[in-house]
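Structural overview
Below are the chains, spelled out letter by letter.
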Amino acid sequence: MELTPIKIPGKYKRNKTKSAVAARKALNRKPGRPPKPLQNAPSIPTTQNSTQPLKDPKKRTLKTIKSKRKMSLLEKLPTELLERVFQFCLNLDLPKASPVISGKLSSSTVFNWTVMRIFGPSWERGYAREKVVGGKDHDDRGERGEEVEEGEQNGEMQSAVLRCRWASLEVLLRAKEVWIQKYAGDRPFKPLYFLKEKNITSTPQPSDYPEPDPDPSNDIDNNSETIDTLPPPQPSTPRLTPSEYHTADFTAFQFFTSEPDGPWPWHTITWSSYNEFSPTLEIPHSLLSSPFAPNTLAYLFHLLKSGARISWLSSTSGEVALSGLQSAITQGNVQAIHLLVWSGLIERLDVEMLIWTLRNAGDGGQGEGVEGRVRTVNQILRLGFMVLEGRERGRVEAELLDIRDEALMVEDEEGLEFVRRVVESETLRERVNVRV
């Protein structure tokens, strides 16, 4: 018979010999019980001679989430039934209720169906239609909303979709391509590019068929039968996918904004676009504020080309866009400046904004120096100040003279070069009386 071991408190005491104390001090351990290592944290070796390999953190998959929590009845539903529930309710907050539900509803099929269901009525009215909106000098929101039946285009739902993390530009373009193949494959779509010269070259030219002879005796033979011959059909140009059309148009936009100087731009570019969104759609604030990443600019360009604009009455997007414009000017981001002005800030380009730009223009962050600052100022001038009135011209001349005098006092050659290049630029040449 085995005896039950008896634990006597204090029997096994810590070794207090000098050698044992010195060995414990050499470990340099903190007092108290050491904390338990985290399960998902990678193990870090304590010394350089340790041979324990680093463990990669576990990925957060749907299987690991389901195994570590007690699921509700809705979470236990099969993915097919849960997708049907989401399609009937169309509640965009349902995936936010649980990581399990979010994982089950994170398929490309659900994304495509959601985008097509919410944006489909707007695409039906706007895709490949002759009506063009979004001119430079007027706001056509009243005109856009006159023919829209109530409840057909839900601007709040479209805005909510654009605020979702999964609603990237690639998802929208892929869903639009699926919608075109399913519902609008037979519509003749004429691209409306940012550069006007591409719109001219993309228009199909009339065929060079020989004109009919006015003398009917040359065409009809008395001993032959009359045969009605039709001209050979013109080869149809292949339709561009939404992704291809966006890539080509955005590349042309980048080329235009890369020029440091230029004349009045409205002979070269156009802000017109097809009406493919609800008139009450709200552009996400993340696209109107800094930082302006390349994918953010491409996303904002697509929304503007599809007819989206900021609203000063129904939301705070106007104030956010104005703050973003000031950030873009200080950073010298010419593409962001153009897009934000395009979104609805053209009327905010007054002489006060121009004076502020002359003082705070950035160089683009690429080490371009004076050239980058001049490009930023010229972008503002080309968009809103090609015609300077007497009072505005006097304010600009006075500000340029102040900048010149301040640079002369401190012997700032870069400041003098900045004033010289701004005055000699194509936008201000022979329009202001400033000598450097």
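Rules used throughout
- Residues numbered from 1 in each chain as written.
- Predicted model: local features only at pLDDT ≥ 70, side-chain atom pairs only at ≥ 80, totals over all residues.
- Heavy atoms only, no water.
- Helix = DSSP H or I, 4+ residues; strand = E, 2+ residues; numbered from the N terminus.
- Buried < 20%, exposed > 50% of the residue type's maximum accessible area, 1.4 Å probe, protein only.
- Contact = heavy atoms within 4.5 Å.
- 1 Å grid on protein atoms, 1.4 Å probe; cavity = no way out; pocket = protein on both sides within 12 Å on 5 of 7 lines; lining within 4 Å.
- Points joined across faces, edges and corners; volume = space filled by probe spheres on them.
- Nonpolar A, V, L, I, M, F, W, Y, C, P; charged D, E, K, R; others polar.
- Core = buried A, V, L, I, M, F, W, Y, C linked by side-chain atoms within 4.5 Å.
- pLDDT = per-residue confidence, 0-100.
- Phe/Tyr/Trp six-rings, centres within 6.5 Å; stacked < 30°, edge-to-face > 60°.
- Lys NZ or Arg CZ within 6 Å of the ring centre and 35° of its normal.
- Expected span 1.5 Å × (residues − 1).
- Axes fitted to C-alpha atoms, helices over the stretch in contact; angles between N-to-C directions.
- Parallel < 35°, antiparallel > 145°, perpendicular 65-115°, else oblique.
- Left-handed = near helix turned anticlockwise from the far one by under 90°.
- Polar contact = N/O pair within 3.5 Å; in protein donor to acceptor, adjacent residues only side chain to side chain.
- Salt bridge = Lys/Arg side-chain N within 4 Å of Asp/Glu carboxyl O.

Turning next to the environment of Val 396. Of note, Val 396 is situated in helix α17 (residues 390-409). According to the relative accessible area criterion, Val 396 is buried, its value standing at 1%. For the pair formed by Val 396 and Glu 352, sequence separation is 44 residues and the distance between their alpha carbons is 9.5 Å. With sequence-adjacent residues up to four places away left out, Val 396 is seen in contact with Leu 354, Ile 355 and Val 432.

Turning our attention to empty space enclosed by the protein. On inspection of all chains with the given rule, the structure shows two cavities of 30 Å³ or more. What the largest cavity holds in volume is close to 220 Å³. Forming the walls of the largest cavity are 21 residues, and the residues nearest its centre are Lys 176, Tyr 245, Glu 276, His 302 and Ser 306. At four residues, helix α10 (residues 242-257) tops the list of elements feeding residues into the lining of the largest cavity. Residues of the lining of the largest cavity, tallied by class, amount to ten nonpolar, six polar and five charged. Size it by volume and the second largest cavity reaches roughly 50 Å³. Val 115, Phe 119, Trp 123, Leu 172, Lys 176, Glu 276, Phe 277, His 302 and Ser 306 together form the lining of the second largest cavity.

Here we take up the nonpolar core. Core analysis: the largest hydrophobic core is formed by 94 residues, its most contacted members being Phe 119, Phe 194, Ile 283, Leu 325 and Leu 340. Residue contacts for Phe 119: discarding those within four places in its chain leaves Gln 158, Val 161, Leu 162, Leu 172, Phe 277 and Leu 281.

When the pLDDT values of the chain are averaged, the result is 79; 76% of them are 70 or greater. Low pLDDT (under 50) marks residues 137-151, which in the prediction has 21 contacts with non-local residues, meaning those over four places away or in another chain. Residue range residues 204-236 is modelled with pLDDT below 50. Its contacts to residues more than four positions away, or to other chains, number eight contacts.

The next subject is the packing of aromatic side chains. By the definition in use, this model includes 20 aromatic pairs. Between the aromatic rings of Phe 194 and Phe 301, the centroid separation amounts to 6.3 Å while the plane-to-plane angle is 65°, which identifies the pairing as edge-to-face. On the criterion of sequence distance, the pair formed by Phe 194 in the loop between α8 (169-183) and α9 (196-202) and Phe 301 in helix α12 (residues 294-305) is long-range, its members being 107 residues apart. Members of the aromatic cluster, joined through ring pairs, are Phe 119, Trp 123, Tyr 127, Trp 179, Tyr 183, Phe 189, Tyr 193, Tyr 245, Tyr 274 and Phe 277. The aromatic ring of Tyr 193 is capped on one face by Lys 198, whose charged end is 4.4 Å from the ring centroid. One cation-aromatic arrangement involves Arg 373 over Phe 418; the distance from NZ or CZ to the ring centre is 4.0 Å.

With twelve residues, α12 extends 17 Å between its outermost C-alpha atoms, agreeing within 8% with the 16 Å of an ideal straight helix rising 1.5 Å per residue. Of all the twelve residues making up α12, ten are buried; the element is thus mostly covered by neighbouring parts of the structure. Among the residues of α12, those classed as buried are Thr 296, Leu 297, Ala 298, Tyr 299, Leu 300, Phe 301, His 302, Leu 303, Leu 304 and Lys 305. In this fold, the buried residues of α12 make contact with α7 (155-162), α8, α10, β2 (273-274), α11 (285-288) and α14 (334-345). Directly beyond the C-terminal end of α12, a positive phi value near 105° is found at Gly 307.

Before going further, it helps to spend a moment on the packing of helix α13 (residues 317-331) against α14. Running from N to C, α13 and α14 point in directions that differ by 155°, and their axes come no closer than 9 Å. Compared by their axis directions, α13 and α14 come out roughly antiparallel. Crossing of α13 against α14: the hand is left-handed. Contact with α13, carried on its side by Gly 318, Ala 321, Leu 322, Gly 324, Leu 325, Ala 328 and Ile 329, involves Ala 336, Ile 337, Leu 340, Val 341 and Leu 345 of α14 and no other residues of that element. Counted by class, the contact of α13 with α14 contains ten nonpolar, two polar and no charged residues.

Below, the discussion takes up the side chain of Thr 270. By the element assignment, Thr 270 lies in the loop between α10 and β2. A polar atom in the side chain of Thr 270 sits 3.1 Å from the backbone nitrogen of Ser 272. In contact with Thr 270, not counting residues within four places along its chain, are Tyr 193, Phe 194, Lys 196 and Asn 199.

Working definition: two side chains of opposite charge can pair if their charged atoms are close together. For the structure shown, the criterion picks out ten salt bridges. For the salt bridge of Glu 124 with Arg 187, the shortest nitrogen-to-oxygen distance reads 2.6 Å. In this pair, Glu 124 sits in helix α5 (residues 108-126) while Arg 187 sits in the loop between α8 and α9, placing the two residues 63 residues apart along the sequence. Here Glu 371 ties to Arg 375 by a salt bridge, and the two come within 3.7 Å at their closest N and O atoms. Placement of the pair is Glu 371 and Arg 375 together in helix α16 (residues 370-384), with a separation of four residues, close to one helical turn. Residue Arg 375 is classed as buried on the basis of its relative accessible area of 12%. Taken together, the salt bridges that share partners define one network made up of Arg 359, Glu 399 and Glu 406.

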